[in-house]
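The residues making up each chain are set out below.
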Number of protein chains: 2
Amino acid sequence: MTITNTDLQNLDKRHRASLINCLSGPKAVTLIGTKGSHGENLALFNSVIHLGANPPLIGMISRPHSVTRHTLEHILETRTWTINHANDQILRQAHHTSAKHKESEFAAARLTAIYKGKHPAPFVEECQLQIACKYVNHYPIKENGTIFIIGSIEVVYLPEDSINEHGELQYDQLANVSSVGLNNYYKVEHLDRLAYAKP
Amino acid sequence: MTITNTDLQNLDKRHRASLINCLSGPKAVTLIGTKGSHGENLALFNSVIHLGANPPLIGMISRPHSVTRHTLEHILETRTWTINHANDQILRQAHHTSAKHKESEFAAARLTAIYKGKHPAPFVEECQLQIACKYVNHYPIKENGTIFIIGSIEVVYLPEDSINEHGELQYDQLANVSSVGLNNYYKVEHLDRLAYAKP
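Conventions adopted
The written sequence of each chain sets the order in which its residues are numbered from 1. Chain A is the first chain written and ligand 1 is the first ligand written, with later ones labelled in order. With pLDDT at 70 or above as the cut-off, local features in this predicted model cover only qualifying residues; side-chain atom pairs require 80 or more to be listed or tallied, and sums for whole chains, interfaces and linings still use all residues. Only hydrogens and water are removed before side-chain values are computed, so all heavy atoms of the structure are retained for them. Runs of E in the DSSP output that reach at least two residues are strands. Runs of H or I that reach at least four are helices, and both are numbered from the N terminus. Restricting the calculation to C-alpha atoms gives the radius of gyration, and the globule rule supplies 2.2 Å times the number of residues raised to the power 0.38. Each residue's exposure class comes from its accessible area (1.4 Å probe, protein chains only) as a fraction of the maximum for that residue type: buried when under 20%, exposed when over 50%, partly exposed otherwise. Contact criterion: two residues are considered in contact whenever any of their non-hydrogen atoms come within 4.5 Å of each other. All accessible areas in this document rest on Shrake-Rupley with a 1.4 Å probe, and a residue is counted as covered only by the protein chains that are shown. Under the counting rule used here, the positive set is Lys and Arg, the negative set is Asp and Glu, and His together with the chain ends is not counted. Every charge is mapped onto a representative atom, which is NZ of Lys, CZ of Arg, CG of Asp or CD of Glu. Here, a strand pair is defined by DSSP locating no fewer than two bridges between the strands. Reported buried area values correspond to the accessible surface (1.4 Å probe) lost by two parts on association, with both partners' losses combined. We define a salt bridge as a contact between a side-chain nitrogen of Lys or Arg and a carboxyl oxygen of Asp or Glu at a distance within 4 Å. Ten residues, namely Ala, Val, Leu, Ile, Met, Phe, Trp, Tyr, Cys and Pro, are considered nonpolar, four, namely Asp, Glu, Lys and Arg, are considered charged, and the remaining ones, Gly among them, are considered polar. Think of it this way: a Phe, Tyr or Trp ring, Trp meaning its six-membered ring, pairs with another when their centres are within 6.5 Å, and the plane angle makes it stacked under 30 degrees, edge-to-face over 60, tilted otherwise. Note on criteria: charge over ring means Lys NZ or Arg CZ within 6 Å of the ring centre, with the direction from the centre no more than 35 degrees off the ring normal. Copy-to-copy superposition: least squares on the C-alpha atoms, limited to residues that have pLDDT of at least 70 in both copies. By nonpolar core we mean a set of buried residues, namely Ala, Val, Leu, Ile, Met, Phe, Trp, Tyr and Cys, connected to one another through side-chain atoms within 4.5 Å. On a range of 0 to 100, pLDDT expresses the predictor's confidence in each residue.

### Some thoughts on the overall build of chain A
Within chain A one finds six helices and 13 strands. Computed over its C-alpha atoms, the radius of gyration of chain A comes to 18 Å, within 12% of the 16 Å expected for a compact globule of 199 residues. Along the first, second and third principal axes, the C-alpha set of chain A runs to 55 × 50 × 35 Å. Buried positions account for 57% of the 199 residues belonging to chain A. Sequence separation of at least 24 residues holds for 60% of the intrachain contacts in chain A that already meet a minimum separation of 6. Carbon and sulfur atoms make up 48% of the accessible area of chain A, which totals about 8200 Å². Considering chain A, the positive charge centre built from 19 side chains and the negative charge centre built from 19 side chains are found 8 Å apart.

Right, dumping it as structure tokens:
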């Protein structure tokens, strides 16, 4: 089956978004916690991406700032946010944060905001892997108005036994789901560890 | 357990890269096919990201151009590439493309280059989901020298029955793996479909 760029452009808006969002494959299901002039905010993102290890940087894509975007506005205002990885126990709640709520998404989705150390942004208590981020830069993407946000990894919180002997996360012990596109969730189970490849 | 930015910076290079690469969670295992002045090239990327549906755009991060990078150089030279999603049948071969091969990675990993339509870059025949991309722009990330590459989605090839009644990919029928960090692979299995969220 062949789907061309023209076929994609001719789909109605919802179908086009659904299908094209799937083409980048599985993504982490993350909840971005912020606190600013709109209050406590929690938003579902599936665009968190590794950017670099030295210095420790992590990126994510915000949709265009053509409407009010609490997460983006809070990040630019307060320069801090948290990344919280969802798991199957809170999957429906995590998904529910994506609705247009009038109240805080923490309350709407019955998730617990907690504060740690001196970090001003709230973490999600129900998540096993929590990351505190500090603003580094953002790049406006002129092609479609999205914004590539870059943060430094300030603190990582996780259970004691979730790192293996190679110093790698045993991710399915922390978060066992991923998303493909906007609506479909997949369970992730460890399959294999392959060593650094040599010819 | 708490890991601070300073703890991360104090890790040796390999451990730091391993751990920090895990923090963004599951990613698609994709093989990027190009053909240019270095010949046919195939490279393992785990940084493909959805960028926008209208127009259909897809992004990925290239590591810094401080050494020869065939994929990046071919993309800038020929303005075309392919994205091929790996599956468990070819997982070890896909991983093996990441070694420093003197020959083409297609030959080294025993994967089959095929050409489709008028697209100058090779696809991986063993992959069920193949995407032809055309260069749109690239953004140098000054914080660490990485490059954010943006392509338009020109053609998508996939099996006839892999789209559900909502127009979404049944991803595990196309590619049933994801990666976390540099060395660990996870099987993905469909868990749930959650409709567009409303308050």
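Now, onward.
### Let's talk about the pairing of strand β11 (residues 147-157) of chain A
Residue and element names in this part refer to chain A. Most of β11 sits inside the fold, with ten of its eleven residues counted as buried. The pairing of strand β6 (residues 56-62) with β11 spans six bridges and is classified as antiparallel. Among the inter-strand pairings, Leu-57 is bridged to a residue of β11, identified as Ser-152. Here strand β10 (residues 129-140) runs beside β11; their pairing, made up of ten bridges, is antiparallel. From the neighbouring strand, Pro-140 faces β11, where its bridge partner is Ile-147.

### Remarks on the interface of chain A and chain B
At the junction of the two partners, chain A supplies 95 residues and chain B supplies 95 residues. In total, about 8700 Å² of surface goes out of reach between chain A and chain B, with carbon and sulfur atoms giving 61% of it. If you sort the residues of chain A by the area they bury against chain B, Met-1, Leu-23 and Leu-194 of chain A come out on top, with a joint share of 9%. At the boundary of chain A with chain B, the tally comes to two salt bridges. The salt bridge involving Asp-192 of chain B is made with Arg-92 of chain A; its shortest N-O contact spans 3.0 Å. Class assignment for the residues of the side of chain A that touches chain B results in 49 nonpolar, 29 polar and 17 charged. As paired strands, strand β13 (residues 184-193) of chain A and strand β13 (residues 184-193) of chain B are joined by nine bridges and run antiparallel to one another. Across the sheet, residue Tyr-185 of chain A finds its bridge partner in β13 of chain B, namely Asp-192 of chain B.

### Looking at the environment of Val-136 of chain B
One can find Val-136 of chain B in strand β10 (residues 129-140). Sequence-wise, Val-136 of chain B and Tyr-157 of chain B are 21 residues apart; in three dimensions their C-alpha atoms are separated by 20 Å. The contacts of Val-136 of chain B, once residues within four sequence positions are left out, are Glu-143 of chain A together with Leu-57, Ile-150, Gly-151 and Ser-152 of chain B.

### Section: the packing of aromatic side chains
All chains considered together, the criterion is met by three aromatic pairs over all chains. Judged by centre distance (5.4 Å) and plane angle (85 degrees), the ring pair of Phe-123 of chain A and Tyr-157 of chain A falls under edge-to-face. Of the two residues, Phe-123 of chain A is situated in strand β9 (residues 123-124) and Tyr-157 of chain A in strand β11; the sequence distance between them amounts to 34 residues. Here Phe-123 of chain A matches Tyr-157 of chain A in class, with each residue buried. Ring plane angle 15 degrees and centroid distance 4.8 Å describe the contact between Phe-148 of chain A and Phe-148 of chain B, whose orientation is recorded as stacked. One end of the pair, Phe-148 of chain A, is in strand β11; the other, Phe-148 of chain B, is in strand β11 (residues 147-157), on a second chain. Comparing Phe-148 of chain A with Phe-148 of chain B shows no difference in burial state: the two are buried. Across from the ring centre of Tyr-135 of chain A, 4.2 Å away, lies the NZ or CZ of Arg-79 of chain A, which sits over that ring. It is Lys-116 of chain A that lies over the ring of Phe-123 of chain A; its NZ or CZ is 5.9 Å from the centre.

### Some remarks on the relation of the copies chain A and chain B
The operation linking the two copies of the chain is a rotation about an axis combined with a translation along the axis. Least-squares fitting of chain A to chain B yields an RMSD of 0.0 Å, with the transformation described by 0.0 Å of translation along the axis and a rotation of 180 degrees. Those values place the two copies in the arrangement expected of a two-fold rotation axis. A shared interface surface links the copies, since 100% of the contact residues of chain A are contact residues in chain B too.

### What about the pattern of salt bridges?
All names here are of chain A. One pass over the full model with this rule turns up six salt bridges over all chains. In this structure, Lys-187 engages Asp-88 in a salt bridge whose closest nitrogen and oxygen atoms are separated by 3.9 Å. Taken together, the residues span a long stretch of sequence, with Lys-187 in strand β13 and Asp-88 in the loop between β7 (80-85) and α4 (91-96) at a distance of 99 residues. Residue Lys-187 is classed as partly exposed on the basis of its relative accessible area of 28%. For Glu-168, the salt bridge is made with Arg-193, and the minimal N-O distance between the two is 2.7 Å. Taken together, the positions of Glu-168 in the loop between β11 and α6 (171-174) and Arg-193 in strand β13 put the pair 25 residues apart, joining distant regions of the chain.

### Thoughts on the pairing of strand β4 (residues 39-45) of chain A
Residues and elements named next belong to chain A. Direction of pairing for strand β3 (residues 30-36) relative to β4: antiparallel, over a ladder of seven bridges. By the bridge assignment, Thr-34 is partnered in β4 with Asn-41. From the end of β3 to the start of β4, which pair antiparallel, there are two residues.

### Side note on the nonpolar core
Counting 70 residues, the largest nonpolar core has Trp-81 of chain A together with Trp-81 of chain B as the members making the most contacts within it. Formed by 16 residues, the second largest nonpolar core is a distinct cluster that contains Ile-61 of chain A together with Leu-51, Tyr-139 and Phe-148 of chain B.

### Remarks on the confidence of the model for chain A
Across chain A, the average pLDDT comes to 97, with 100% of residues at 70 or higher. As scored by the predictor, the complex reaches a pTM of 0.98 and an ipTM of 0.97.

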